[in-house]
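One-letter residues, chain by chain:
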Amino acid sequence: MTTAVSTTLRQAPGPRGTPLIGVIPAIRRDTLSFLMATFRTYGDVAHYRIGPLNSYLISHPDGLRRILQEHVRNYTKDHVSYSILRRVAGNGLVTSQGDFWLRQRRLAQPAFHRQRIAALGEMIVARSESVAERWAQAAAAASIVTIGEEMMGLTLQIVGNALFGTDMHAELAGVHDNFNLLSKQLVERFRTMNLLPPLLPTRYDRAWRHATAALDRVVYSIIAQRRSQGGDHGDLLSMLMLTEDADTGERMDDTQLRDEILTMLVAGHETTATTLTWAWGLLAAHPEIAAKLQAELDTVLGARAPTMADLPNLRYTRMVIDEVLRLYPPIYILSRKVIADDAIGGYRIPAGSATDFSPYVTHRHPAFWDDPERFDPERFTPERVATRHKFAYIPFSSGPRMCIGNSFALTEATLILAHLARRFAPALPDGKLPAALPLITLRPAGDMAMRMALR
Ligand code: HEM
């Protein structure tokens with residue numbers, strides 16, 4: 001599209017990095033600082049090399065609109081980050097592309113319709129109640145609670161229940177440990193551009209194979225359980241297992257089923273769990289905001305548990321979640337491969353290169369956010385949202401590849417926070433918010449160990 005104007009385009013500025021490896025050392029040392037420093041020093045379009053890969057960090061919302069919406073076909077998932085992810089998630093909804101992706105997306109969509117999500121409220125609150133019971137005991141003993149782990153367990157049970165009709169209770173600890181291991185290795189492999197298949201007889205590769213095999217066993221047991229039950233349960237699993245291809249009349253094979261189920265389990269729990277984990281930390285660090293939240297919960301709920309019908313009145317609770325997702329977007333970096341030459345912000349974006357974009361960085365863009373490091377849920381009043389650039393806030397990405405689970409996640413996070421914050425006041429043992437640890441998602445270092453006092 002830009003060949004006619006490309007001679008007038010500028011070369012984007014950026015850090016030179018080290019010969020051959022480019023900026024790999026800086027990314028390995030501290031990814032978030034690297035991204036922020038690159039944006040602050042070089043601006044909305046910055047160029048660097050990650051090993052052999054020419055990459056452009058695009059931080060202005062106009063650039064994101066071009067990549068994610070206007071010229072979306074030019075920015076594909078043929079990027080090395082997805083090649084590595086495919087080793088775990090296969091060809092599921094996050095990693096697949098083209099007509100195949102579109103067919104799978106249409107197939108899964110009904111499971112995320114508003115009415116289906118509305119039916120989940122009671123289950124979400126019931127699951128949160130088991131957390132509340134544990135926290136009440138911890139409060140009585142004045143012991144520390146590892147919030148990160150608690151939220152992971154809770155959201156995994158909820159997504160398993162909502163989409164696959166299984167509560168994953170027995171598998172919880174194993175799934176958690178294996179996801180953790182793979183998550184660490186995925187990030188390391190990407191940051192070192194290690195594209196080799198994990199087939200060596202080393203301890204590192206063996207740990208990977210062991211973890212993927214353990215997750216496969218969980219997924220295949222979900223499939224086997226449903227086959228033995230038979231019938232249409234009206235959930236995502238039934239949609240995936242029972243739908244026949246319009247052309248061939250065939251059903252999805254077990255490998256594809258495995259990829260879709262594993263993708264949903266991964267995509268559908270860690271993201272919401274880290275959001276809630278940061279929410280607890282931020283509330284503890286900002287007592288004035290916690291007090292305002294509690295005032296809303298006292299007014300709207302009093303002494304009862306929340307229901308779906310309360311959501312329109314839990315506006316401040318939702319604004320807290322929105323603001324947590326601004327400061328700590330779980331998916332803090334995304335990348336695309338550039339198919340044909342393009343121009344963004346007056347800079348040349350050549351075919352074959354990569355674009356990176358970081359919700360973490362764009363959510364701190366000073367042209368769109370006042371005092372960006374401040375935790376301030378008031379940024380999300382409907383009036384202020386209406387006047388903001390749509391691509392300045394992209395925790396769920398945007399355009400056709402936007403998160404399929406965004407309403408699910410927001411409903412879930414709002415109900416969980418409302419139910420638990422009504423009863424518990426969080427406190428950080430040393431009063432300080434932990435540093436962010438950028439793995440696949442943006443987790444707090446130390447998993448957010450806190451005291452939860454009964455209110
Ligand atoms: C706060 C919670 C969540 C956040 C921040 C989040 C964020 C994202 C982002 C940024 C993407 C785009 C990924 C890419 O371009 O590669 C995405 C895609 C996706 N998310 Fe989420 N997500 C959340 C919750 C969920 C939940 C609860 C589910 C399922 C139950 C889910 C399922 C998916 C799937 C399947 C995709 C791929 C969609 C496609 O490409 O068609 N997510 N999510």
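See the structure printed just above.
Residues numbered from 1 in each chain as written. Predicted model: local features only at pLDDT ≥ 70, side-chain atom pairs only at ≥ 80, totals over all residues.

### What about the overall build of the protein chain?
Right, on to step 1. Looking only at helices and strands, the protein chain features 17 helices and twelve strands.
Right, on to step 2. A compact globule built from 455 residues should have a C-alpha radius of gyration of about 23 Å, and the protein chain, at 22 Å, falls within 12% of that.
Right, on to step 3. The C-alpha extent of the protein chain, read off along each of the three principal axes, is 65 × 55 × 45 Å.
Right, on to step 4. Expressed as a percentage of its 455 residues, the buried residues of the protein chain come to 42%.
Right, on to step 5. Sequence-distant contacts in the protein chain: of pairs separated by 6 or more residues, those separated by 24 or more amount to 76%. (Helix = DSSP H or I, 4+ residues; strand = E, 2+ residues; numbered from the N terminus. Rg over C-alpha atoms; globule rule 2.2 N^0.38 Å. Buried ≥ 20, exposed ≤ 12 C-beta atoms within 10 Å, placed from the backbone. Contact = placed C-beta atoms within 7 Å.)

### Here's the deal with the pairing of strand E12 (residues 449–454)
In regular strands, side chains alternate between the two faces of the sheet.
Right, on to step 1. Pairing of strand E4 (residues 145–146) with E12, which is carried by two bridges, proceeds in the antiparallel orientation. Following the sheet pairing, Val145 is matched in E12 by Met450.
Right, on to step 2. Examined bridge by bridge, strand E9 (residues 424–427) and E12 share four bridges and lie antiparallel to one another. Bridging from a neighbouring strand, Pro426 pairs with Met452 of E12. (Pairing = 2+ DSSP bridges.)

### Some thoughts on the sheet that holds E4
Right, on to step 1. Reading across the sheet, the three strands line up as E4-E12-E9 and stay open at both edges, with antiparallel pairing between neighbours. Strands with a single pairing partner mark the edges of an open sheet, and in this sheet they are E4 and E9.

### Regarding helix H9 (residues 172–191)
Right, on to step 1. Its 20 residues place the ends of H9 29 Å apart at the C-alpha level, agreeing with the 28 Å of an ideal helix rising 1.5 Å per residue.
Right, on to step 2. Along H9, the positions that sit buried rather than exposed are Val175, Asn178, Phe179, Leu182, Gln185, Arg189 and Phe190. Viewed end-on, H9 has its buried residues packed into an arc of 140°, placing them on one side of the element. Among the exposed residues of H9, those oriented more than 90 degrees off its buried face are Ala173 and Asp177.
Right, on to step 3. The secondary structure elements touched by the buried residues of H9 are helix H4 (80–89), helix H8 (147–164), helix H10 (203–229) and helix H12 (254–285).
Right, on to step 4. Positive phi shows up at Met193, right after H9, with a value of about 55°. (Expected span 1.5 Å × (residues − 1). Arc of directions from axis to C-beta.)

### Comments concerning the sheet that holds strand E2 (residues 53–58)
Right, on to step 1. The strand order across the open sheet formed by five strands is E1-E2-E8-E5-E3, and the pairing between neighbours is mixed. Each end of this open sheet is capped by a strand with a single partner; those strands are strand E1 (45–50) and strand E3 (75–76).
Right, on to step 2. Against the sheet, helix H2 (residues 31–42) engages E1 and E2, with an angle of about 135° to E1. (Axes fitted to C-alpha atoms, helices over the stretch in contact; angles between N-to-C directions.)

### Regarding the site of the ligand
Right, on to step 1. Taken together, 23 residues sit near the ligand, with Gly268, Thr271, Cys403, Gly405 and Ala409 positioned nearest.
Right, on to step 2. Among the elements of the structure, H12 and helix H17 (406–421) are those that each provide at least two residues to the shell around the ligand.
Right, on to step 3. Considering each element in turn, the shell around the ligand owes the most residues, seven residues, to H12.
Right, on to step 4. Taken together, the residues of the shell around the ligand break down into 14 nonpolar, seven polar and two charged. (Near = placed C-beta within 6 Å. Nonpolar A, V, L, I, M, F, W, Y, C, P; charged D, E, K, R; others polar.)

### Let's talk about the nonpolar core
Right, on to step 1. Grouped together as the largest cluster of nonpolar side chains are 109 residues, with contacts concentrated most on Ala279, Val324 and Leu417.
Right, on to step 2. In terms of residues, this core owes the most to one element, H12, which gives 15 residues.
Right, on to step 3. Discounting chain neighbours no more than four positions away, the residues touching Ala279 are Val320, Ile321, Val324 and Leu417. (Core = buried A, V, L, I, M, F, W, Y, C linked by C-beta atoms within 7 Å.)

### Section: the pairing of E2
Right, on to step 1. In terms of strand pairing, E1 meets E2 through six bridges, oriented antiparallel. Counterpart to His47 in the pairing with E2 is Tyr56.

### Comments concerning the environment of Lys184
Right, on to step 1. Tracing the chain through its elements places Lys184 in helix H9.
Right, on to step 2. It is 6.3 Å that separates the C-alpha atoms of Lys184 and Leu439, two residues lying 255 residues apart in sequence.

### Describing the packing of H12 against helix H14 (residues 315–327)
Right, on to step 1. Between H12 and H14, whose axes approach to 9 Å, the crossing angle comes to 105°. It follows from the interaxial angle that H12 and H14 lie roughly perpendicular. In this structure, H12 contributes Thr275, Trp278, Ala279 and Leu282 to the contact, and H14 contributes Val320, Ile321, Val324 and Leu325.
Right, on to step 2. Class assignment for the residues of the contact of H12 with H14 results in seven nonpolar, one polar and no charged. (Parallel < 35°, antiparallel > 145°, perpendicular 65-115°, else oblique.)

### Quick word on the packing of H10 against H12
Right, on to step 1. As a packed pair, H10 and H12 sit with axes 10 Å apart at the nearest point and diverge in direction by 110°. For the element pair H10 / H12, the angle class is roughly perpendicular. In this structure, H10 contributes Leu215, Asp216, Val219, Tyr220, Ile222 and Ile223 to the contact, and H12 contributes Asp254, Leu257, Arg258, Ile261 and Leu262.
Right, on to step 2. Looking at the contact of H10 with H12 residue by residue, the class counts come to eight nonpolar, no polar and three charged.

### Points about the environment of Arg336
Right, on to step 1. Tracing the backbone shows Arg336 in strand E5 (residues 334–338).
Right, on to step 2. When the C-alpha positions of Arg336 and Ile67 are compared, they lie 8.4 Å apart, and in sequence the two are 269 residues distant.
Right, on to step 3. Setting aside its immediate chain neighbours within four residues, Arg336 contacts Ile67, Tyr75, Thr76, Lys77, His79, Ala354 and Thr355.

### Considerations on helix H7 (residues 121–140)
Right, on to step 1. Look at H7: 28 Å from first C-alpha to last across 20 residues, which is about the 28 Å you get at 1.5 Å a residue.
Right, on to step 2. Within the sequence span of H7, burial applies to Ile124, Arg127, Ser128, Val131 and Trp135. Buried residues of H7, seen end-on, are gathered within an arc of 95° and therefore sit on one face of the element. Across H7 from its buried face, at more than 90 degrees, point the exposed residues Glu122, Glu133, Gln137 and Ala140.
Right, on to step 3. Each element contacted by the buried residues of H7 is listed here: E4, H8, H17, E9 and E12.

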